[in-house]
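Chains, contacts and geometry: an overview
Next come the chains, spelled out residue by residue.
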Amino acid sequence: MSSRLPPRYLPTLTEVVDPQVWSALTGAALPPVHAAPVHLDSDPVEAKVIDRDLLIQQVIALVKPQLEAELRTVAQELFEAQYSAMLPSLHLQIEEAVREAVELARPESTDREN
């Protein structure tokens with residue numbers, strides 16, 4: 001394991017986030033935390049697993065909208081890049097198809113002029 005210290009302002013999973021600070025930073029309130037009931041006679045390992053699962057679900061609920069928005073943005077940028085790259089070729093194909101259609105529709109006009 002590395003003996004390096006983490007960056008100075010890197011939050012850790014043990015850091016407690018003040019709900020007022022969170023809402024001031026994000027403009028949104030933290031979702032309510034529903035702690036799983038822990039019974040004294042229950043296995044402490046099992047209780048930790050339940051709490052971890054709850055934490056995982058809450059973190060996913062918090063980051064999912066942002067990740068989906070970022071994915072949508074990246075997908076849109078990729079689509080626009082591909083579309084821009086294909087556009088000149090599409091224009092040429094459209095122009096060729098229109099010329100061919102016009103030539104097929106009016107073969108008599110070229111015969112009459114000659």
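Rules behind the numbers
Residues numbered from 1 in each chain as written. Predicted model: local features only at pLDDT ≥ 70, side-chain atom pairs only at ≥ 80, totals over all residues. Heavy atoms only, no water. pLDDT = per-residue confidence, 0-100. Helix = DSSP H or I, 4+ residues; strand = E, 2+ residues; numbered from the N terminus. Patch = residues over 30% accessible without salt bridge, like charges linked within 9 Å, V, L, I, M, F, W, Y side chains within 5 Å. Areas by Shrake-Rupley, 256 points an atom, 1.4 Å probe, with all protein chains shown as cover. Salt bridge = Lys/Arg side-chain N within 4 Å of Asp/Glu carboxyl O. Phe/Tyr/Trp six-rings, centres within 6.5 Å; stacked < 30°, edge-to-face > 60°.

Of all residues in the chain, 57% have pLDDT values of 70 or greater, and the mean over the chain is 76. Ranking the elements of the chain by mean pLDDT puts helix α3 (residues 107-113) last, at 59, and helix α2 (residues 44-105) first, at 89.

Taken together, the side chains of F79, Y83, M86, L90, I94, V98 and V102 present a nonpolar region at the surface, about 660 Å² in accessible area. Take Y83: it is sitting in helix α2.

With that settled, the discussion passes to the packing of aromatic side chains. Think of a pair of aromatic rings as described by two things: how far the centres are apart, and how the planes are tilted against each other in angle. Considering all chains together, one arrives at one aromatic pair under this definition. Taken together, a centroid distance of 6.1 Å and an interplanar angle of 15° make the contact between F79 and Y83 stacked. Of this pair, F79 and Y83 are both found in helix α2, four residues apart, which corresponds to roughly one turn of the helix.

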